[in-house]
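Residue-level structure breakdown
Listed below, chain by chain, are the residues.
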Amino acid sequence: MEYRLDRNVHSLLDPRTKLLLLFTSSVFVVGNAGEKWMYVFYWILVYLPVLLLLAEKEWKAAAVAVAIYVGSFYAQMALQHDPTAWESALALMLYIITKILPTVILARYIVKTTKVSEFLAAMNRMHVTDKLTIPISVIFRFFPTVAEESRAINDAMRMRGIEMGAKKATEAVEYRMVPLIASCSIIGEELSAAAMTRGLDVGKKRSCIWKIRFRFPDLIIIVLCLTCFVWWGIGRFFI
Amino acid sequence: MICFDNVSFQYTKDQESLKGISLTIGEGDVVLVCGPSGCGKSTLIRCVNGLIPHFYEGNLTGSVTVNGTDVSQTTLRKISRHVGTVFQNPRSQFFNVDTTSELAFGCENFGLDPDEIEQRIDRVVNRHGLAPLMDRSIFRLSGGEKQKIACASIAVEPLDVIILDEPSANLDYQGICELQKMIGAWKEEHKTILIAEHRISYLFPYISRALLMNSGEIVKEYSADEFRALSEDELHGLGLRADHMQDSAEVIPDNGERRDTDEKLILSDMKFSYRGEEPVFDIPRMEIPAGEIVGIVGANGAGKSTFLRCLCGMERSCKATLKAGDEIRKNKKRRQSIYMVMQDVNHQLFTDSVLEEVMISQEKEDKEEALKILESLDLAEYADKHPLALSGGQKQRVAVASAVASGRDIILFDEPTSGLDYYHMMQVSEILKDLRKTGRTVIIVTHDVELIRNACTCVIPFK
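All of these numbers come straight from a predicted model, not from anything done at the bench. (Residues numbered from 1 in each chain as written. Chains lettered and ligands numbered in written order. Predicted model: local features only at pLDDT ≥ 70, side-chain atom pairs only at ≥ 80, totals over all residues. Heavy atoms only, no water.)

Comments concerning the domain arrangement of chain A
Residue and element names in this part refer to chain A. We count it as follows: The domain limits used here are those given by an automatic or database domain assignment. The criterion used for residue contact is that any of the two residues' heavy atoms lie within 4.5 Å. Throughout, buried area stands for the accessible area (probe radius 1.4 Å) lost by two parts on being put together, summed over both. A carboxyl oxygen of Asp or Glu within 4 Å of a side-chain nitrogen of Lys or Arg is what we treat as a salt bridge. Secondary structure elements follow DSSP: runs of H or I no shorter than four residues count as helices, runs of E no shorter than two count as strands, and numbering proceeds from the N terminus. Residues are grouped as follows: Ala, Val, Leu, Ile, Met, Phe, Trp, Tyr, Cys and Pro are nonpolar; Asp, Glu, Lys and Arg are charged; every other residue, Gly included, is polar.
The assigned domain composition of chain A is domain 1 (1–115 + 212–239) and domain 2 (116–209). For domain 1 and domain 2, the distance between their C-alpha centroids amounts to 25 Å. Contact with domain 1, which involves 13 residues of that partner, is made by 13 residues of domain 2. Note on domain 1 versus domain 2: buried area summed over both sides is about 1,200 Å², and carbon and sulfur give 68% of it. Counting the surface domain 1 buries against domain 2, the share from its top three residues, R16, K115 and I212, is 48%. For the pair domain 1 and domain 2, the interface holds zero salt bridges. Those elements that place two or more of their residues in the side of domain 1 that touches domain 2 are α1 (15–30) and α4 (85–113). The class makeup of the residues in the side of domain 1 that touches domain 2 is seven nonpolar, three polar and three charged.

What follows is the structure, given as structure tokens:
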């Protein structure tokens, strides 16, 4: 059967929309801007990343995310009645988790569903300089690379009998970091050499095979994000 | 056309270098550059694709011109419009995460029209039967599949010069056949091709000449016919691999050493699948001759490396029983009695000195014993060095040293000779034989026909 490249393949959202959503989520969920005034939007932004996971058919990740969130949320509430010093420290930690988790999930979703090529093109359309976008685009490769390397090192440690709780437990952390850093830096160097021999350079016009444009789901998210900022502005400056 | 005019190069760090190279490669030529490890092949290649002097720093004299342009006077970007490179390490040559974008990457960087890129990709994918590899994450591809994508992404670009740096290092027989076809197609399109390689027989049909390098100089130039006429011993004498194109499953080991016992390790009920996928393999019963050097052979992607990982207990979800004599080794016991030397040894060297690396493997730390082991592997002088500062072969020997120190009686090797020249391959082969003499069972997964012939005492085909 003959292969035909389908250039219309795209994820649910445009890369630009994803970044706007990430920014909005950082401001209102992590930053907690507007507090009580933003109540409704706050909860929308907390659960929206889960909906995005469901749209990607990541059932398990979605279930785990909700479980961790709900678990830490109620545990943290329960711990606030008359806590000991330890309990309040724990409550604080859980509270931080509830603040950061939704945005972390969103960031992971973005890294997983955005093609490097799409990202470069989208940034270019927003006239963001290459000096910024090219280094950032490496993140898409960097996370899976680190995960892959660290899995291999972990396996090797287990095989050699160096594990948490086994002999040399204290050194286990150091043993892991040294080869990880060494191998990631070698990969990084070879990767930049390879990319440069294929013509990647700053300040030069690139094309992109993927069709990047705003579609209907983008509209919903953009309207949501803008409404957040407008509503916050109303509360902040007019009331 | 590529022209070297009295080119010398010295890295700032003391490494291999080039001395007074003069060379002309005409349009449409296919030139093989060969020689033992560290002879300067890779450096020569980097002078053509512009990584020297634009990426790797050092002291360059003389001039290299490609299509009449002086490489050092232009930019990497301009060179890359004409020259494409397939690198040795398939893990680090992709900028994208999905394969389709990777094929488009070079063309996109030059701002080619997307419709034209689409046509180019379709043509390459159909011509080389790559459809099953499209729209995949490169993190889910095997080494051989990655190398195919690397070649294809070069084929998509409109280039005149193609450079290959040991492209066969990670490929099995089938993979080499496909690489061969790709090179054939490029030759038909009249592209200039420069290949650095130890394994050479697969290139015989295409080369127009061969250059032999040693310590940074071109010591001899062969015409294609002269080169093809070299005997196996002559090739070995030059540090080159002489394996004929042959399926590793059909090789008959010829180690010359026979054994007197008939003991067997019996592996039973081994089954493995990645979460939610079809099983990779299902082995009800497998007999492995004990105290032998056993080669496990089979095509890329058959699951051989996964088999080793399961055997030594790295894949925790894989349960199996190994019976050695009367002793039954279940999962945990198996993990404690089998040591694996990984393909990328960098992943298994953790400490800051070679001696310590050996000592943490010992049941009870014993410095004298550790030094003895290092001595036996020619590593005594490196005892205080940082393992990651050693050469590839030395690192591998450190891993073997710690395997010996661990006292485990079964040692696994995953592709111990990929990318090695003849001398280094023979060195590995000697180490394997020495391990066998100590009564250990050695199991290797390999595509290396010459290693199987020299070192193995028996072969188990893996379907």
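Back to the text.
Examining the pairing of strand β10 (residues 217–223) of chain B
Residues and elements named next belong to chain B. To be explicit about the condition: Strand pairing is assigned whenever DSSP detects at least two bridges linking the two strands.
Here strand β9 (residues 209–214) runs beside β10; their pairing, made up of six bridges, is antiparallel. Paired with N214 across the strands is E217, a residue of β10. The hairpin formed by β9 and β10 contains two residues between the paired strands, and S215 there has a positive phi angle of roughly 30°.

Points about the environment of A195 of chain A
Here A195 of chain A shows up in helix α8 (residues 172–197). Setting aside its immediate chain neighbours within four residues, A195 of chain A contacts L200 of chain A together with F95 and F105 of chain B.

Digging into the sheet that holds strand β6 (residues 83–86) of chain B
Residues and elements named next belong to chain B. Short version of the rule: Here an angle of 0 to 180 degrees is reported between the N-to-C directions of two axes, which are lines fitted to C-alpha atoms, with helices fitted over the stretch in contact.
Reading across the sheet, the six strands line up as β6-β7-β8-β3-β9-β10 and stay open at both edges, with mixed pairing between neighbours. Either end of the sheet is taken by a strand with one partner, and the two such strands are β6 and β10. Taken over all neighbouring pairs, the strand axes of this sheet differ in orientation by 20° on average, direction set aside. Relative to strand β7 (residues 161–165), β6 is paired through four bridges, and the arrangement is parallel. The residue of β7 that forms the bridge with G84 is I162. Each of β6 and β7 touches helix α6 (residues 143–156); the most contacted strand, β6, lies at about 175° to it.

Concerning the nonpolar core
All names here are of chain B. For clarity, the cut-off: By nonpolar core we mean a set of buried residues, namely Ala, Val, Leu, Ile, Met, Phe, Trp, Tyr and Cys, connected to one another through side-chain atoms within 4.5 Å. Between buried and exposed lies partly exposed: a residue is buried under 20% and exposed over 50% of the maximum accessible area for its type, with that area taken using a 1.4 Å probe on protein chains only.
By size, the foremost hydrophobic cluster in this structure holds 84 residues, and its most contacted members are M270, F307, L412, F413, L432 and I443. Considering each element in turn, this core owes the most residues, seven residues, to helix α14 (residues 392–405). In this view, M270 contacts F281, D282, I283, F307, C310, L311, C318, K319 and A320; residues no more than four positions away in its chain are not counted. Among the nonpolar cores identified, the runner-up in size contains 60 residues, and A155, M182, L203 and F227 belong to it.

Describing the pattern of salt bridges
Overall, the coordinates contain 32 salt bridges over all chains when judged by the stated rule. The shortest N-O distance in the salt bridge between K191 of chain B and E189 of chain B comes to 3.7 Å. With its nearest N and O atoms 3.9 Å apart, the salt bridge here joins K433 of chain B to E430 of chain B. One end of the pair, K433 of chain B, and the other, E430 of chain B, are both in helix α15 (residues 422–437), three residues apart, so they sit about a helical turn from each other. Take K433 of chain B: its relative accessible area is 13%, and that puts it in the buried class. A network of salt bridges, in which partner residues are shared, links R4 and R7 of chain A together with D115, E118 and D122 of chain B.

Comments concerning the interface of chain B and chain A
Threshold: Pairs of N or O atoms within 3.5 Å make up the polar contacts considered here, provided that, within protein, one atom can donate a hydrogen while the other can accept it, and that residues adjacent in sequence are counted only when both atoms are side-chain atoms.
Facing the 77 residues of chain B at the interface are 59 residues of chain A. Summing both sides of the interface, chain B and chain A together bury roughly 5,700 Å²; the carbon and sulfur share of this comes to 55%. Among the residues of chain B in contact with chain A, F95, F139 and F350 of chain B are the three that bury the most area, contributing 15% of the side total. Summed over the shared surface of chain B and chain A, the result is ten salt bridges. Here E102 of chain B makes a salt bridge to R198 of chain A, at a shortest N to O gap of 2.6 Å. At the boundary of chain B with chain A, the tally comes to 32 residue pairs in polar contact (both at pLDDT 80 or more). Sort the elements by how many residues they give to the side of chain B that touches chain A and helix α4 (residues 99–109) of chain B lands first, with ten residues. Along the lines of polarity and charge, the residues of the side of chain B that touches chain A split into 34 nonpolar, 23 polar and 20 charged.

Remarks on the side chain of E157 of chain B
On the secondary structure map, E157 of chain B appears in the loop between α6 and β7. Each residue touching E157 of chain B, except ones within four places of it in the same chain, is listed here: R198 of chain A together with S80, G106, C107, F110 and R120 of chain B.

Details of the packing of aromatic side chains
Residues and elements named next belong to chain A. The cut-off we apply is this: Pairing of aromatic rings covers Phe, Tyr and the six-membered ring of Trp, with a centre-to-centre limit of 6.5 Å; geometry is then stacked below 30 degrees between planes, edge-to-face above 60, and tilted otherwise. Two limits define a charge over a ring: the Lys NZ or Arg CZ must be within 6 Å of the ring centre, and within 35 degrees of the ring normal.
Inspection of every chain in the model, using the stated rule, returns 23 aromatic pairs over all chains. Ring geometry for F28 and W232: centres 6.3 Å apart, planes at 75°, overall edge-to-face. Here W232 lies in helix α9 (residues 216–237) and F28 lies in helix α1, a separation of 204 residues in the sequence. Classification of F28 as buried rests on a relative accessible area of 2%. For R16, the ring lying beneath its charged end belongs to F214, and the centroid distance is 4.3 Å. For K115, the ring lying beneath its charged end belongs to W210, and the centroid distance is 4.1 Å.

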